[in-house]
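Observations on the three-dimensional arrangement
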Amino acid sequence: MKVLIIKVSSMGDIIHTLPAVTDASVSVPDISFNWVVEETFSEILKWHPAIHQIIPINLRFWIKNWYKTSSWDKYYECIQELKKKEYDVIIDAQGLLKTSLLITCHSRGEKHGMDYISTREPVSSLFYHKRHYIKKSQHAVERIRQLFSFSLKYPVPPCIGKYNIEHLFPLQKNSVPYLIFFHSTTKVKKHWPEFNWSIIARCAINAGYHIKLPFWTKSEELRINRLVKLSYNRIIILPKLTLQEIAVQISGATAIISVDTGLSHLAAALGCPNLTLYGPTNPELIGTYGQNQIILYSSTKKMEHLSPMYVWEVFQKVLTSISI
């Protein structure tokens, strides 16, 4: 059976889809997956053994530069390539009008997706041949697992979903223990105050840990430079890394503290102990999913109301559980 998955972004959403792919690969004999994804995140899909072909696109760039002829030319080339193959089942796991209109409707095969009650943008369901009702009150991983089970006609396995990429990055202990702080996210409301990070950094250093701080953008680089000045030494600023390189760093970390960002979901997929801080978003629906994942949710939905000393108190319990 040839199946096309349409889930183009974001990093967290793509990682949340992997357990459904694992379910299907175990439950359906001779199944083969192709996947349409933003090129930025295509590296992740190479890690899952059930993904046969990755179809990278630059949908965000094309939409942002819609007025440029070159963007339309590249989009047209992608669609022509997509039309060459016919699939037994096409699963639109994105549920957005832009992907349904620009990608899904041009693919060839029986199209499946969530119905107008279940999906984020109801009008997107008009582009599907088969529409499935899935409760919104569930975690995103379980919703997608159900969508795949309905589309491919198998029961959802009763166990917790398995990402099936952790075997490539086995967790390991380092002679110099270190923590990673995933301090940056795309939305300002999801940031935790820099001063709070500096307090946590001092606590971690006093407890004998080194700290690694990644960055990719100029604003993130400026933030970590300020954190280094506010904190003691033993803070390591990582260079710009590929997703594979950051996965290796995650696998070697003792534990992680993160905000709501795609990298926190990557840590969850790899099973690294991770304390994730949530404010405006509901972690019951889109929080980190898997083993060794602890969530702290601000009752006011404001990140600044998560006290650094309370965060450190909870994190110490995470560290203690690792050493037992």
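Residues numbered from 1 in each chain as written. Predicted model: local features only at pLDDT ≥ 70, side-chain atom pairs only at ≥ 80, totals over all residues. Heavy atoms only, no water.

Formally: UniProt positions are given in the numbering used here, feature names are shortened, and annotations may be inferred rather than shown by experiment.
The name given to the protein in an unreviewed UniProt entry is Lipopolysaccharide heptosyltransferase 1, and the organism recorded there is Candidatus Blochmannia vicinus. As recorded by UniProt, the Catalytic activity (unreviewed entry) comment attached to the protein reads in full: "an alpha-Kdo-(2->4)-alpha-Kdo-(2->6)-lipid A + ADP-L-glycero-beta-D-manno-heptose = an L-alpha-D-Hep-(1->5)-[alpha-Kdo-(2->4)]-alpha-Kdo-(2->6)-lipid A + ADP + H(+)". UniProt lists a comment for the protein under the heading Sequence similarities (unreviewed entry), and it reads "Belongs to the glycosyltransferase 9 family."

Observations concerning the pairing of strand 8 (residues 210–213)
Just so we agree on the cut-off: We treat two strands as partners when DSSP finds at least two bridges between them. Under the scheme used here, helices are H or I runs from DSSP no shorter than 4 residues and strands are E runs no shorter than 2 residues, and both carry numbers assigned from the N terminus. Consider the strands pointing away from the viewer: the crossover is right-handed when the path from the first strand over the helix to the second runs clockwise.
In terms of strand pairing, strand 7 (residues 178–182) meets strand 8 through three bridges, oriented parallel. If you follow Y178 over to strand 8, its bridge partner there is H210. In this view, the connection linking strand 7 to its parallel neighbour strand 8 by way of helix 7 (residues 194–206) has right-handed handedness. Where strand 8 lies against strand 9 (residues 235–237), three bridges are found, and the strand directions are parallel. Bridging from a neighbouring strand, L213 pairs with I237 of strand 9.

Quick notes on the environment of H210
Checked against the element boundaries, H210 lands in strand 8. A C-alpha to C-alpha distance of 15 Å links H210 and Q316, two positions 106 residues apart in sequence.

A few points about the nonpolar core
To keep things clear, this is the line we draw: Only buried Ala, Val, Leu, Ile, Met, Phe, Trp, Tyr and Cys residues count toward a nonpolar core, and they belong to the same one when joined by side-chain atoms within 4.5 Å. Exposure categories follow from relative accessible area, calculated using a 1.4 Å probe and restricted to protein chains: below 20% of the type maximum is buried, above 50% is exposed, and the middle band is partly exposed. Residues are treated as being in contact if the distance between any of their heavy atoms lies within 4.5 Å.
Judged by nonpolar contacts, the single largest core of 53 residues is most densely connected at F33, W35, F148, L152, I250 and L266. No other element matches helix 1 (residues 11–27), which puts seven residues into this core. Setting aside its immediate chain neighbours within four residues, F33 contacts V3, I5, V21, A24, S25, A50, I51, H52, Q53, F148 and L152. A204, I205, I235 and V318 belong to the second-largest nonpolar core, a separate cluster that totals 31 residues.

A word on the pattern of salt bridges
Stated precisely, the cut-off is as follows: What counts as a salt bridge is simple: a side-chain nitrogen of Lys or Arg found within 4 Å of a carboxyl oxygen of Asp or Glu.
Under the counting rule described, the total for this entry stands at eight salt bridges. When the shortest N-O distance is used, the salt bridge between E86 and R108 registers 3.1 Å. Placement of E86 in strand 4 (residues 86–92) and of R108 in strand 5 (residues 108–114) is noted, with a sequence separation of 22 residues between them. Judged by relative accessible area, which is 35%, R108 ranks as partly exposed. Here R226 ties to E194 by a salt bridge, and the two come within 2.6 Å at their closest N and O atoms. Placement of the pair is R226 in helix 8 (residues 218–230) and E194 in helix 7, with a sequence separation of 32 residues. Note on E194: relative accessible area 23%, which makes it partly exposed. Sharing partners across several salt bridges, the network here consists of D23, E142 and R145.

Things to note about the sheet that holds strand 5
Our working definition: Inter-axis angles, ranging from 0 to 180 degrees, are taken between N-to-C directions of lines fitted to C-alpha atoms, where helices are fitted over the stretch in contact.
Strand order in the open sheet made by the six strands is 3-2-1-4-5-6, with parallel pairing throughout. Sheet topology places strand 3 (51–57) and strand 6 (130–132) at the edges, where each strand pairs with a single neighbour. When strand polarity is set aside, the average angle formed by the axes of neighbouring strands in this sheet is 20°. Helix 6 (residues 140–152) contacts strand 1 (2–6), strand 2 (32–38), strand 4, strand 5 and strand 6 of the sheet and is inclined by roughly 150° relative to strand 4.

Observations concerning the side chain of K7
The line we're drawing: Charge assignment: positive for Lys and Arg, negative for Asp and Glu; neither His nor the chain ends contribute. Nitrogen and oxygen atoms within 3.5 Å of one another constitute a polar contact, given that in protein one can donate a hydrogen and the other can accept it, and given that sequence-neighbouring residues count only through two side-chain atoms.
Residue position: K7 is located in the loop between strand 1 and helix 1. Buried within the structure, K7 lacks any salt-bridge partner; D13 is the closest side chain of opposite charge, at an N-O distance of 4.7 Å. A distance of 2.7 Å separates a polar side-chain atom of K7 from the backbone oxygen of A93.

Let's talk about helix 6
The condition that has to hold: To estimate how far a helix should extend, the number of its residues minus one is multiplied by 1.5 Å.
Taking 1.5 Å per residue as the helical rise, helix 6 with its 13 residues ought to reach 18 Å, and the 18 Å between its terminal C-alpha atoms agrees with that figure. Burial of helix 6 is extensive: 10 of the 13 residues sit out of reach of the surface. For helix 6, every residue scored as buried is listed here: A140, V141, R143, I144, R145, L147, F148, S149, S151 and L152.

A word on the sheet that holds strand 11 (residues 274–278)
Spatial ordering of the open sheet is given by 9-8-7-10-11-12, a layout of six strands whose pairing is parallel. The strands lining the two open edges of the sheet, one partner per strand, are strand 9 and strand 12 (293–297). Direction aside, the axes of adjacent strands within the sheet are offset by 20° on average. In this sheet, strand 11 lies alongside strand 10 (residues 255–259) in parallel orientation, the contact comprising four bridges. Residue pairing across strands places I257 opposite L275, the latter belonging to strand 11. Relative to strand 7, helix 9 (residues 243–252) is tilted by about 130°, and along the sheet it contacts strand 7, strand 8 and strand 10.

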